[in-house]
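Survey of secondary and tertiary structure
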Amino acid sequence: MRLRVAAGGPAALKVLAAAGAAAAPVRLVWGGPIERPLAPLSPPWAPALELDSGTVLFSPNAICQFFFLARGEEPTDLTNQWLEWEATELQPAASAALYAQLVHGRKGLEAVEALGKLLAHIEQNLSRRGTAYLAGDTKSVADVVVWGTLFPVLQDETSLPSELQVLRTWFQSMTLSEACRKAADSVLMPKALLEFKSYLQKQPPPCLAMERITSNEPEEEEGSEPALTEEEITAAVDAWAHGAAALPKPWQPQKPVLPVEGMRNVLITSALPYVNNVPHLGNIIGCVLSADTFARYCRLRNWNTLYVCGTDEYGTATETKAVEEGLTPQEICNKYNAIHADIYRWFDISFDYFGRTTTPYQTTIAQDIFQRLLARGFLLQDTVEQLQCEDCQRFLADRFVEGTCPFCSYEEARGDQCDKCGKLINAVELKNPQCKLCRGVPVVKPTQHLFLDLPKLEEQLEPWLEQSWATGDWTANARYITRSWIRDGLKPRCITRDLKWGTPVPLDGFRDKVFYVWFDAPIGYLSITANYTDQWERWWKNPQQVELYNFMAKDNVPFHSVIFPCSLLGADDNYTLVNHLIATEYLNYEDGKFSKSRGVGVFGDMAKDTGIPADIWRFYLLYLRPEGQDSAFSWSDLMLKNNSELLNNLGNFINRAGMFVCKFFGGTVPDMVLTPDDKRLLARVTLELHQYHQLLEKVRIRDALRCILSISRHGNQYIQVNEPWKRIKGDEKDRQRAGTVTGVAVNMASMLAVMLQPYMPSVSLAIQGQLCIPPDCFVLSHNFTCTLPPGHRVGTVSPLFQKLEHDQIEALRKRFGGGQPEDLAVEPQAKQTPPASEPPPAPVTLTAPGDPQLIQELTEEVAKQGNHVRQLKANKAEKAQVDTEVAKLLELKKQLALAEGKSPEVPVPKGKRKK
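Remember, it's a predicted structure, so these values are computed and weren't measured experimentally.

1. Notes on the overall build of the protein chain
From N to C terminus, the protein chain includes 31 helices and 20 strands. Residues counted as buried form 56% of the 915 residues belonging to the protein chain. Relative to all contacts within the protein chain whose residues are 6 or more apart in sequence, the contacts with residues 24 or more apart total 77%. In the structure as shown, the protein chain presents an accessible area of about 39,400 Å², 52% of it carried by carbon and sulfur atoms.

2. Some details on the pattern of salt bridges
Within this structure, the stated rule accounts for 37 salt bridges. The shortest N-O distance in the salt bridge between Glu-732 and Arg-735 comes to 3.0 Å. A residue pair is termed a helical-turn pair when its members lie 3 or 4 positions apart in one helix, as Glu-732 and Arg-735 do in helix α27 (residues 732-756) at three residues. Residue Arg-735 is classed as partly exposed on the basis of its relative accessible area, which comes to 36%.

3. Section: the layout of surface pockets
For the second largest pocket, the calculated volume is near 800 Å³. Of the residues forming the lining of the second largest pocket, the biggest block, seven residues, is contributed by strand β8 (residues 379-389). For the lining of the second largest pocket, the residue count by class is 15 nonpolar, eight polar and 10 charged.

4. Some remarks on the packing of helix α14 (residues 360-375) against helix α18 (residues 523-532)
At a minimum axis distance of 9 Å, the contact between α14 and α18 shows a crossing angle of 135°. In terms of orientation, α14 lies oblique with respect to α18. For the crossing formed where α14 meets α18, the hand is right-handed. Along the contact surface, α14 presents Tyr-361, Gln-362, Ile-365, Ala-366 and Ile-369, while α18 presents Ile-523, Gly-524, Leu-526, Ser-527, Ala-530 and Asn-531. Residues that form the contact of α14 with α18 fall into these classes: seven nonpolar, four polar and no charged.

5. Things to note about the confidence of the model for the protein chain
Mean pLDDT over the protein chain stands at 84; residues scoring 70 or higher make up 84%. Low pLDDT (under 50) marks residues 208-223, which in the prediction has 37 contacts with non-local residues, meaning those over four places away or in another chain.

6. Description of the sheet that holds strand β17 (residues 546-553)
The strand order across the open sheet formed by five strands is β7-β6-β5-β17-β18, and the pairing between neighbours is parallel. Among the strands making up the open sheet, the edge pair consists of β7 (353-356) and β18 (580-584). For this sheet, the mean angle separating the axes of adjacent strands, direction not counted, is 20°. Relative to β18, β17 runs parallel, the two being bridged by five bridges. Each residue of the ladder has a partner; that of Met-552, found in β18, is Ala-583. Helix α11 (residues 281-300) contacts β5 (265-270), β6 (304-311), β17 and β18 of the sheet and is inclined by roughly 165° relative to β5. Where helix α13 (residues 329-346) meets the sheet, it contacts β6 and β7, and its direction lies at approximately 165° from that of β7.

7. Some points on α27
Compared with the 36 Å implied by 1.5 Å per residue over 25 residues, the 36 Å span of α27 between its first and last C-alpha is a close match. With respect to burial, α27 is a largely interior element, 20 of its 25 residues being buried. Capping the start of α27 is the job of one residue whose side-chain oxygen sits 3.2 Å from the backbone nitrogen of Lys-733: Asp-731.

8. Considerations on the sheet that holds strand β14 (residues 493-494)
Within the open sheet, the four strands sit side by side as β9-β8-β13-β14. Their pairing is antiparallel. The two strands at the open ends of the sheet, each matched to only one other strand, are β9 (394-395) and β14. Pairing between β8 and β9: two bridges, direction antiparallel. When the sheet's bridge partners are listed, Gln-388 is paired in β9 with Phe-395.

9. Describing helix α8 (residues 178-187)
Three or more residues of α8 are buried, namely Ala-179, Cys-180, Ala-183, Ala-184 and Val-187. The buried side chains of α8 occupy one side of the element, clustering within an arc of 130° when seen end-on.

10. Quick notes on unusual backbone geometry
Of the consecutive residues Lys-255 and Pro-256, the connecting peptide bond is found in the cis state with omega at -5°. Mapped onto the fold, Pro-256 is located in the loop between α10 (230-242) and β5. In this structure, Asn-302 is a non-glycine residue whose phi angle is positive, near 65°. Tracing the sequence through the fold places Asn-302 in the loop between α11 and β6. Judged by relative accessible area, which is 16%, Asn-302 ranks as buried.

11. Some thoughts on the state of the cysteines
If you walk through the whole model with that rule in mind, you get zero disulfides. Its sulfur unpaired, Cys-287 is 7.6 Å from the next cysteine sulfur, which belongs to Cys-309. Free cysteine: Cys-389, not disulfide-bonded; nearest cysteine sulfur from Cys-438 at 3.6 Å. For Cys-389, a relative accessible area of 1% puts it in the buried group.

12. Here we look at the packing of helix α22 (residues 614-623) against helix α25 (residues 701-722)
Between α22 and α25, whose axes approach to 8 Å, the crossing angle comes to 115°. Contact residues: Phe-619, Leu-622 and Tyr-623 in α22; Ile-701, Arg-702, Leu-705 and Leu-709 in α25. The residue inventory of the contact of α22 with α25, partitioned by class, reads six nonpolar, no polar and one charged.

13. Re the environment of Val-443
Topologically, Val-443 is positioned in strand β13 (residues 443-452). Residue class for Val-443 comes out partly exposed when judged on its relative accessible area of 28%. Distance in space between the C-alpha atoms of Val-443 and Gln-388 is 5.4 Å, their sequence separation being 55 residues. In contact with Val-443, other than residues within four places in its own chain, are Gln-386, Leu-387, Gln-388 and Glu-390.

14. Observations regarding empty space enclosed by the protein
Across all of its chains, the model carries three cavities of 30 Å³ or more by this definition. Counted as a void, the largest cavity has a volume near 120 Å³. Along the walls of the largest cavity sit 14 residues, with Leu-247, Met-751, Val-779, Asn-783 and Thr-787 positioned nearest its centre. Sort the elements by how many residues they give to the lining of the largest cavity and α27 lands first, with four residues. Of the residues that constitute the lining of the largest cavity, the class distribution is eight nonpolar, six polar and no charged.

What counts, and at which threshold
Residues numbered from 1 in each chain as written. Predicted model: local features only at pLDDT ≥ 70, side-chain atom pairs only at ≥ 80, totals over all residues. Heavy atoms only, no water. Helix = DSSP H or I, 4+ residues; strand = E, 2+ residues; numbered from the N terminus. Buried < 20%, exposed > 50% of the residue type's maximum accessible area, 1.4 Å probe, protein only. Contact = heavy atoms within 4.5 Å. Areas by Shrake-Rupley, 256 points an atom, 1.4 Å probe, with all protein chains shown as cover. Salt bridge = Lys/Arg side-chain N within 4 Å of Asp/Glu carboxyl O. 1 Å grid on protein atoms, 1.4 Å probe; cavity = no way out; pocket = protein on both sides within 12 Å on 5 of 7 lines; lining within 4 Å. Points joined across faces, edges and corners; volume = space filled by probe spheres on them. Nonpolar A, V, L, I, M, F, W, Y, C, P; charged D, E, K, R; others polar. Axes fitted to C-alpha atoms, helices over the stretch in contact; angles between N-to-C directions. Parallel < 35°, antiparallel > 145°, perpendicular 65-115°, else oblique. Left-handed = near helix turned anticlockwise from the far one by under 90°. pLDDT = per-residue confidence, 0-100. Pairing = 2+ DSSP bridges. Expected span 1.5 Å × (residues − 1). Polar contact = N/O pair within 3.5 Å; in protein donor to acceptor, adjacent residues only side chain to side chain. Arc of directions from axis to C-beta. Disulfide = S-S within 2.5 Å.

So, in structure tokens, the structure goes:
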């Protein structure tokens, strides 16, 4: 292999580092930008790899991947995600930063300003995963590629913001590795850099045309607002003058809601929550709240909308929970279905029907799809090597076993899927498997099972996917995850399990088995609709008239984009398939994960006990909805957003607008004489309304919320500049101006009440009541119209929001910070009091030995703390700091031993031992 690289060219850095890290046998050819490249399409300074076959690779990332593949290292999904992110987001920003350094002479933090959010993205992912490298505990091609892009910009480590400690540790570790160090010494020679700088000076500045990383903060508008055209102003004034008469009449569908010919019929589902647990805030925003917001928006648009959901009640998880609580599976289902329903009712989730999967319709529909797949030759029989626990005398279905992931070595992988790398697993592939019931070591034994022949269905799946992607709105992560499944090649997937609790398999030889939950569970959407109306097929066998939206977290994507569509395509019964697949990333809690067993984080049944209204929770969760990357709930940020965005911005504007009508005009909307400034405001508000619609039509729920807050900011500024409280005391002209400003402002408040309804329905209803907004005006159009004309009387106006105080928030932070879950049986004798010489560990409440959920969480904490200790030692941290973290690690290990029912052995410190 011949590798051509140009000294001074930044792309050469990652390629040489990858060649060194993978020990690739390459012959180096050094060149410059004026020399003819190996590849005709290769740009100046770009490396090129000529293979022995004559093929030429000239994409730096492809070359790096080739080196690692040649060494036998297959990329994981996580590695591929990092490489795609580096190419599409990091690379353009790094090029701009390097141009700023070399051409404009910018230094330090100023030069890397364009990288700010991208560096924070790396920091967040390293911190959350607790691994030494981007894709795990070992260096991968992703680390080399990302480091190679960053190093030319961050050679001077003072450019790295001081708060990014985890990123700094990773960056130093990579820089000190032999392969990276040699590559940097070879490529970034002073003379070569001068040549590269000279080349750059002749080029136009890089255009940073990339999407910003989604963060918890809304994007601020850059520079001044775009200029308004005369056409936009005239159109806005025209629409305003038409008033409420121009609005469409609100659509009131008959019950039950059924598709209507000629209307837009929207069917919305949110991923069925497992019945065996209580949903936390991340579960709520990932599925039901996002879907509810969109469903409410659809109804306000007069789209004929049906929103269904319910609890997923069959499968291993339910049997596991029943064993834990000493109840039957049906009793567990009844208990937790009621808990889920109460939680969603409190959060004001507007299901048309909330059902469950343990119904006769579920059995009938699932078995019918099965029989149709069987008749069409899409099912296979095979002998499966399955884990059997001899102590429990049962085959272990996926969730009754856990062990080390064979792909990424994550130690708490389940028997069906790894939560870390996302790959699906057959339980026998797990390394070091354990029975979750007794912690015994299972043995492998053969058993007969049925499989869905996904390879045979692939020829139907791929054209359907291409059509759905071309015509529908799929989130980027949903497309990526689905593509990775298709790219890796589909394999037959087992659809039966050795369980009692589930939909029975209607086939001789398999009648003692049930359907695997992920074949069975999505069929729950159909059976739940069937329990809502016996005309369910008008929704689910009507793709010509129905648009289907699926809402879920990203871990559910493959089942909704591959397995379930394959089942329906194979059944060949004109089923409605998903048009729009909307997947969120994960919501974390403060700087960690939600944990019911350790009392960390807010769960659905706890939110109402905080004293914070449901609409505030809705607003904040939607404000930080993890649309582009993981986000994190923060008590401090909740307080800040409530007090600034709701109290001081939105609430302040709506309250002032209504109060001015009451105080200065006797509760009656005054006459309005629009000035050029007022007309420009109407046009500006109309543009925000159009943007709101465009975003929500694409299901960008979080971004659309920003439009509401932007309109209220315009309103506050409008009031502040015009000062109606002063003008009302002036002459006739001033009083008329005060009336116009008040009338326009209260109409803005009226429109905000409608726009706010999908996000904060109770607050929206309160505004409607205070301003006496006619019910016929509660519909969304694309125009800002005068819905409260002169002479309209408003009601009693009062504040919509209350300030959250620091002491109140700190008390809640402490309460939900761990150690006090009310529903756990705490054994006092299991409490460990650390000696006075040891630092106190994070509070952890111990349950009775054998709690699988607690064992899993503590094992994860031990692994994370162990990695942290190893990083400190590798970086030669202060001994006192290392000792402190080691003490925390030992305490966590003791708690894990107690949870497993073992005697916690205190390790003897290394060093001299007494004889």
